[in-house]
Amino acid sequence: MKISASIQAATQLSLLKDIQDNSDKFDYIHVDITDGHFTNNISMSFKVIKELKQHTNYFVDVHLMLNENSKYVQLAFDSGADLVVVHQESTNLDEFISLSKKYENIGIGLLPNTPNAELKEYVAFADSVLFLGVTPGFSNQKPVINLKEKVEDFKILYPDFTGLLIVDGGVVNKDIDDYKELSVDIVVQGGAIFAEHP
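Since we're looking at a predicted model, the values are computed, not measured. (Residues numbered from 1 in each chain as written. Predicted model: local features only at pLDDT ≥ 70, side-chain atom pairs only at ≥ 80, totals over all residues. Heavy atoms only, no water.)

J.: Pulling in residues and values, what's your account of the overall build of the protein?
T.: Each helix and strand in the protein was counted, giving seven helices and eight strands. Here the C-alpha radius of gyration of the protein, 15 Å, is about what a compact globule of 198 residues would show, namely 16 Å. Viewed in the frame of its principal axes, the protein has a C-alpha envelope of about 40 × 35 × 30 Å. For the protein, with 198 residues in total, the buried portion stands at 54%. (Helix = DSSP H or I, 4+ residues; strand = E, 2+ residues; numbered from the N terminus. Rg over C-alpha atoms; globule rule 2.2 N^0.38 Å. Buried < 20%, exposed > 50% of the residue type's maximum accessible area, 1.4 Å probe, protein only.)

Shown next as structure tokens:
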């Protein structure tokens, strides 16, 4: 299992220093990109991905929370993303199938209150599934659902899925072993890594 550091929770004016100072706490870097429409916040630009790849050696997973995914997936990969997740709620099936044929390492994400059953037609084309446990767009939140139960339910519904499982949002250190037992591949943490008092 890998820990991916959500840099939205880092100090933006000293981002590279914050990454370096906390480098012993994570394996990957997680970049959230929001548009102010799919979420109520606007976050990082694609330029950040490019600069991270220029100045660090980290695997960068990018979480797009946008209304126009097809338009920006290409930009994310061109900027250096190693894995890109789009949301089921803003990506119809035909669009996702098209993206999966065009790109490797394309994943599908679910908002907290979207049932796993909504992924039924998507999982065959997904390289990863991201389960979001918080309201999208903001850092340092507590989960609004039980992410462990959502992962367990997914594994029951889709026992043949072989892609990556990603949990994102409000994950605290004491829960890490539980996710390991559930064979989660990537745990995204923000405040637990960058907050002064995680």
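J.: Account for the sheet that holds strand 4 (residues 83-87), naming residues and giving values.
T.: Taken in spatial order, the eight strands close into a barrel running 1-2-3-4-5-6-7-8, and their pairing is parallel. Adjacent strand axes in the sheet meet at a mean angle of 25 degrees when their direction is disregarded. Note: strand 7 (residues 164-168) against strand 8 (residues 186-189), three bridges, orientation parallel. Bridging across to strand 8, V167 finds its partner in V187. On top of the sheet, helix 2 (residues 46-55) reaches strand 2 (28-34) and strand 3 (60-65); it is set at about 165 degrees to strand 2, its chief contact. Contacts from helix 4 (residues 93-102) reach strand 4 and strand 5 (106-110) within the one sheet, and its direction differs from that of strand 5 by about 150 degrees. (Pairing = 2+ DSSP bridges. Axes fitted to C-alpha atoms, helices over the stretch in contact; angles between N-to-C directions. Contact = heavy atoms within 4.5 Å.)

J.: Quick one: what's the story with the pattern of salt bridges, residue by residue and with numbers?
T.: The final tally for this structure, using the stated rule, is six salt bridges. For the salt bridge of D21 with K17, the shortest nitrogen-to-oxygen distance reads 2.7 Å. Note that D21 and K17 are positioned in helix 1 (residues 15-21) at a spacing of four residues, about one turn of the helix. We classify K17 as exposed; its relative accessible area is 52%. One salt bridge in this structure joins D175 and K148, with 3.2 Å as the shortest N-O distance. (Salt bridge = Lys/Arg side-chain N within 4 Å of Asp/Glu carboxyl O.)

J.: Describe helix 3 (residues 69-78), with residues and values.
T.: Given 3.6 residues to a turn, an α-helix orients residues that are three or four positions apart in the same direction. All of the buried residues in helix 3 are N69, V73, A76 and F77. End-on view of helix 3: buried residues confined to an arc of 90 degrees, all on one side of the axis. Helix 3 presents K71 and D78 as exposed residues on the side facing more than 90 degrees away from its buried surface. Once helix 3 ends, the next one or two residues include G80, with phi positive near 120 degrees. (Arc of directions from axis to C-beta.)

J.: Any chance you could break down unusual backbone geometry for me, citing the residues and the numbers?
T.: Positive phi is not limited to glycine here, since N105 has a value of about 60 degrees. Mapping N105 onto the fold places it in the loop between helix 4 and strand 5. The phi dihedral of S183 is positive, around 60 degrees, even though this residue is not glycine. Relative to the helices and strands, S183 resides in the loop between helix 6 (176-181) and strand 8. The partly exposed category is assigned to S183, whose relative accessible area is 43%.

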